[in-house]
There are 2 protein chains.
Amino acid sequence: MKRKLFRVFILGLVLFFAGPVNAQTVDSLPSWNDGKAKQSIIDFVTRVTENGSPDFVPPAERIAVFDNDGTLWAERPMYFQLLFALERVKALAPQHPEWKDTEPFASLLEGDVEGAMADGMKSVVEIVMATHAGMTTAEFETIVKDWIATARHPTTGRLYTEMVYQPMLELLAYLRANDFKTFIVSGGGIEFMRPWAERVYGIPPEQVIGSSIKVEYELRDGAPVLVRLPEIDFYDDKEAKPVAIHQQIGRRPIAAFGNSDGDLQMLQWTTAGDGPRFALYVHHTDGEREWAYDREASMGRLDKGLDQAQAQGWTLVDMKQDWKVIYLD
Amino acid sequence: MKRKLFRVFILGLVLFFAGPVNAQTVDSLPSWNDGKAKQSIIDFVTRVTENGSPDFVPPAERIAVFDNDGTLWAERPMYFQLLFALERVKALAPQHPEWKDTEPFASLLEGDVEGAMADGMKSVVEIVMATHAGMTTAEFETIVKDWIATARHPTTGRLYTEMVYQPMLELLAYLRANDFKTFIVSGGGIEFMRPWAERVYGIPPEQVIGSSIKVEYELRDGAPVLVRLPEIDFYDDKEAKPVAIHQQIGRRPIAAFGNSDGDLQMLQWTTAGDGPRFALYVHHTDGEREWAYDREASMGRLDKGLDQAQAQGWTLVDMKQDWKVIYLD
C-alpha cells in the first residue's frame, strides 16, 4: 500500500514540474492521410470534448454508432455472414437429403451461388433460417467462434477478422479515448458479431446491435437454455436502424458511421438532433487494395447516401486517398 | 492546468503521509442491518473482485440485473406505470367522448379501477395502448418527465421517485464502485423508465431493458421522428427476461435481483451459469413501513420464487429485519 501511495506522490511531483502535455503531437489516426476527412474527425472530437467549448457534450451523451459490413470490415464478394451461411449449408447437407431437390439449397450445393440467390431476400432468409436456428444460443456461439477462427476469405486468403479496416480501428480507439461509447448498428446478425466483436473491435456484446431471430427460454433436464427459432425477430436495416438505436440505446447518437444506403436513415436520425453532430460515409473507391463500388452495387449500394452526403456536407472518406493502409499486415 | 497538477501533487503528499486506508471501515451499505443478507452481498462482491481470488471475475463480465417494480421502488397499490396510465386516461378523456361507453375506460372514468381491470391483462393492454401510443418518442418522454416530476403517490403523498428503496440505491452504487455494470430488466415500459432512471438510479438509458411497444421511423416536414404505435413489441416478464438479457446484453449476468415470480427465470438463468453467481429476492415483509405481501399478491406475487430461493439458498431480504430505512426522508 505504501509503495502505491509513494508512486502517486512521485507522479504528482513529475506532473507538477513537467508542465502541460501537448496533446496535438500524438497522432491518434496514423493510418489516415492528412486531408479533409481526417481533419473533420479531429475537429469534431475536439469541439465536443474541450472544456469550455460551446459545443461541449458530456461523456454520457457521446454515443457513436457504426455500421459493420463495408464500414468496419469488408463485404466482398458478399456479406461475410452469407459466406458463413453457405459453408454451413454444405456442412449440414448430409443431415438434409431433401435439400438436393429444394431451392435455394440445391443450387447452392451445386456451387451455383447466383442461382441460389435468384429469389433475393427470400433466398437469403431461407438460408439463414436453415443454418442459424434450431440450436441453443451457446451452440451457435461455438459454431461462429470456430468459423471465425479458421475460415479464410475466398480471394484474399485472410482470416475474416484480418479484413477489418485498420483506419477504422484507430478511429474506434480514438473516440473511446475521448470518452465516446462506441456501438455497432449492423444489418448483420447480433449473434454472428458478438463472439468476436469485443476482441477485434473492443466493442462489448451489450454494445452490438443488429438483426436477430427469435429465441425461446426452455428447461432441458432442469437447466435453462435459450433456443434459436427459425423466425426473424428484427431486421436492422434502413428505417429500422434508428428504431433499433432508440429501443436499445435510448439516446440519439452524436456521431454515425456507415457506407451504404442502408445506413442513410441512421445518419439522418443522428444529424437531426440538436447540437454538434457528425456523419461519415466510407466510400469504396479503391479497386486495387480493396474493392471499388457505389451506386450500382447490389450489396452495400451507396447511391442516395452519396447524394445526401454531398448535399449535407457529411464527411466522405475516399478510401484510396484517405487511407494509408486498408488492413494491418 | 497547473492548478490541477498542484492538486495531484498535494493529494500524493496527503495520501503518502496518511497511511493505508482500511477499506473495511467504510460501510458501503449503511441502510442495511448487519445480518445474513448484507453479509452475503459483501462476501460475493469480495469473492469476484479480489485479485488472486479463485472466483475472480474480470470487470467486463460483472453484469448485474435488477427488476424495477417492487425491487428498486414500491409497487403498491399497483405498478406506478399503471397509475400513470390511469391519470393519462383522465387527461385524454375530453378528446375521446367514445370512452364513456367503452370498457375499460368507462369504469375507469367513474373511478372504478377494479371494474376497469376486470379483464385482467387485456384491460391493462388497452389502457396502455390508448395512453402510451399515437405520439412521437420525444413527446412521450416529455409527458413522462412532467408526470414523474409532479405526480404524487395516493397514500404516501410522496413523489414516485421518493419511493425508491434507499438500501437498493446503496447496493447499486456499491456494485458500480466494484466495477459492476448495472442494468434494469423490468416488466415496465422502457420509455417509462428511461427519462428518470439515470438521475434516480444512476443507470443510463442504454442499460434500461423492459417492455416496449413498436415504433416507426417517419419523416415529418423533412425531419425524422419515431412514432409510437399501439402494438406490443416485447413484454418483458418471466421467460422473456432471460430472452431480453440475451438479446440486449448478450452476456449472462453474474448477479440478479428481483422480488416476484416474474423474476424467477431471470434468477435461474443467472445462477445456471458457470462460476460464482448471486441471486437475491426482496421479500416484502414490512406492512408498517411499506407493504407486506407475497404468495397471494395479484401484482408482485412471490410464491414459486420463495420456494426456489429457499431450495437454492438464494439471498432473501426480509425488508422488516434487513433494512434500517426504506426510503430516504
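Residues numbered from 1 in each chain as written. Chains lettered and ligands numbered in written order. Predicted model: local features only at pLDDT ≥ 70, side-chain atom pairs only at ≥ 80, totals over all residues.

A.B. asks: So what exactly am I meant to see when it comes to the overall build of chain A here?
C.D. replies: Of regular secondary structure, chain A possesses 13 helices and 7 strands. Computed over the C-alpha atoms, the radius of gyration of chain A is 22 Å, within 12% of the 20 Å expected from 2.2 N^0.38 for a compact globule of 329 residues. C-alpha extents for chain A along the principal axes are approximately 75 × 55 × 40 Å. In chain A, which comprises 329 residues, the share counted as buried stands at 40%. (Helix = DSSP H or I, 4+ residues; strand = E, 2+ residues; numbered from the N terminus. Rg over C-alpha atoms; globule rule 2.2 N^0.38 Å. Buried ≥ 20, exposed ≤ 12 C-beta atoms within 10 Å, placed from the backbone.)

A.B. asks: Could you clarify how one ought to interpret the pairing of strand 6 (residues 278–283) of chain A in this entry?
C.D. replies: Regular strands place side chains that alternate from one sheet face to the opposite one. Residues and elements named next belong to chain A. Counted residue by residue, strand 6 has 6 buried out of 6 residues, so it is predominantly covered. Alternating residues of strand 6 divide into F278, L280 and V282 and A279, Y281 and H283, and every residue in both groups is buried. Of the pairings in the sheet, the one linking strand 5 (residues 255–258) to strand 6 comprises 4 bridges and is parallel in character. In the strand pairing of strand 6, A256 is matched with A279. Between the parallel elements strand 5 and strand 6, the chain passes through helix 11 (residues 264–271) in a crossover that is right-handed. Of the strand pairs in this sheet, strand 6 and strand 7 (residues 315–318) are connected by 4 bridges, and their pairing is parallel. Residue pairing for strand 7: Y281 is matched across the bridge by L316. Taken together, strand 6, helix 12 (residues 304–312) and strand 7 form a β-α-β motif whose crossover is right-handed. (Pairing = 2+ DSSP bridges. Right-handed = clockwise from strand over helix to strand, strands pointing away.)

A.B. asks: How do you make sense of the confidence of the model for chain A when you look at a structure like this?
C.D. replies: Close inspection of predicted coordinates is inappropriate in any region flagged by low pLDDT. Confidence along chain A averages 93 in pLDDT terms, with 92% of residues attaining 70 or more. The model gives residues 19–23 of chain A a pLDDT under 50, and that stretch makes 1 contact with residues more than four places away or in other chains. (pLDDT = per-residue confidence, 0-100. Contact = placed C-beta atoms within 7 Å.)

A.B. asks: Can you walk me through unusual backbone geometry in this structure?
C.D. replies: Trans is the prevailing form of peptide bonds, just as negative phi is the prevailing case for residues other than glycine. A cis amide bond, omega 5 degrees, links E103 of chain A with the succeeding residue P104 of chain A. Considering the arrangement of structural elements, one finds P104 of chain A in the loop between helix 3 (80–92) and helix 4 (105–109).

A.B. asks: Just to check I follow, could you spell out the sheet that holds strand 6 (residues 278–283) of chain B for this structure?
C.D. replies: Hydrogen bonds between backbone groups are what pair the strands of a sheet, and the pairing can be parallel or antiparallel. Here we have 7 strands laid out as an open sheet, ordered 4-3-2-1-5-6-7 (chain B), and mixed in their pairing. Edge positions in the sheet fall to strand 4 (223–234) and strand 7 (315–318) of chain B, since each has one partner strand and no second. Within the sheet, the average angular offset between the axes of one strand and its neighbour, ignoring direction, is 30 degrees. Pairing of strand 2 (residues 181–189) of chain B with strand 3 (residues 208–220) of chain B, which is carried by 3 bridges, proceeds in the parallel orientation. If you follow V185 of chain B over to strand 3 of chain B, its bridge partner there is I209 of chain B. Against the sheet, helix 10 (residues 240–248) of chain A engages strand 3 and strand 4 of chain B, with an angle of about 150 degrees to strand 3 of chain B. (Axes fitted to C-alpha atoms, helices over the stretch in contact; angles between N-to-C directions.)

A.B. asks: Would you take a moment to explain the packing of helix 7 (residues 137–150) of chain B against helix 9 (residues 190–201) of chain B for this structure?
C.D. replies: In helix packing, the relevant descriptors are the interaxial angle and the interaxial distance, both defined with respect to the helix axes. Residues and elements named next belong to chain B. At a minimum axis separation of 9 Å, helix 7 and helix 9 run at an interaxial angle of 60 degrees. When the axes of helix 7 and helix 9 are compared, the pair comes out oblique. As for the relative orientation of helix 7 and helix 9, their crossing is right-handed in sense. Note on element contacts: helix 9 touches helix 7 through E191, F192, P195 and W196, opposite T137, F140, E141, V144, K145 and I148. When its residues are assigned to classes, the contact of helix 7 with helix 9 shows 6 nonpolar, 1 polar and 3 charged. (Parallel < 35°, antiparallel > 145°, perpendicular 65-115°, else oblique. Left-handed = near helix turned anticlockwise from the far one by under 90°. Nonpolar A, V, L, I, M, F, W, Y, C, P; charged D, E, K, R; others polar.)

A.B. asks: How should the sheet that holds strand 4 (residues 223–234) of chain A be read in this particular structure?
C.D. replies: All names here are of chain A. Read from one edge of the open sheet, 7 strands run 4-3-2-1-5-6-7, paired in mixed fashion. Strands at the two margins of the open sheet, each flanked by one partner only, are strand 4 and strand 7. Sheet twist, expressed as the mean angle between neighbouring strand axes with direction ignored, is 30 degrees.

A.B. asks: Help me understand helix 8 (residues 166–177) of chain A in this model?
C.D. replies: An α-helical segment advances 3.6 residues per turn. Residues three or four places apart therefore align on the same side. Residues and elements named next belong to chain A. Between its terminal C-alpha atoms helix 8 stretches 16 Å, which fits the 16 Å expected from 12 residues at 1.5 Å a residue. Listed in full, the buried residues belonging to helix 8 are P167, M168, L171, L172 and L175. Buried residues of helix 8, seen end-on, are gathered within an arc of 145 degrees and therefore sit on one face of the element. Just beyond helix 8, the residue with positive phi is D179, at close to 65 degrees. (Expected span 1.5 Å × (residues − 1). Arc of directions from axis to C-beta.)

A.B. asks: How should I be thinking about the environment of W196 of chain B in this particular structure?
C.D. replies: Residues and elements named next belong to chain B. Tracing the backbone shows W196 in helix 9. Considering only alpha carbons, one finds W196 and M266, 70 residues apart in sequence, at a separation of 24 Å. When neighbours within four sequence positions are excluded, W196 is seen to be in contact with I148 and T161.

A.B. asks: Teacher, can you tell me more about the pairing of strand 5 (residues 255–258) of chain B here?
C.D. replies: All names here are of chain B. Side chains A255 and F257 of strand 5 all project onto a buried face; the interleaved residues A256 and G258 project onto the opposite face, where all are buried too. In the sheet, strand 1 (residues 63–66) pairs with strand 5 via 3 bridges, with the strands oriented parallel. The residue bridging V65 from the neighbouring strand is A256, located in strand 5.

A.B. asks: What am I meant to see in the environment of A151 of chain A here?
C.D. replies: All names here are of chain A. Assignment of secondary structure puts A151 in the loop between helix 7 (137–150) and helix 8. Since 15 C-beta atoms lie within 10 Å of it, A151 is described here as partly exposed. Not counting the four nearest positions on each side in its chain, A151 is found in contact with E87 and Y160.

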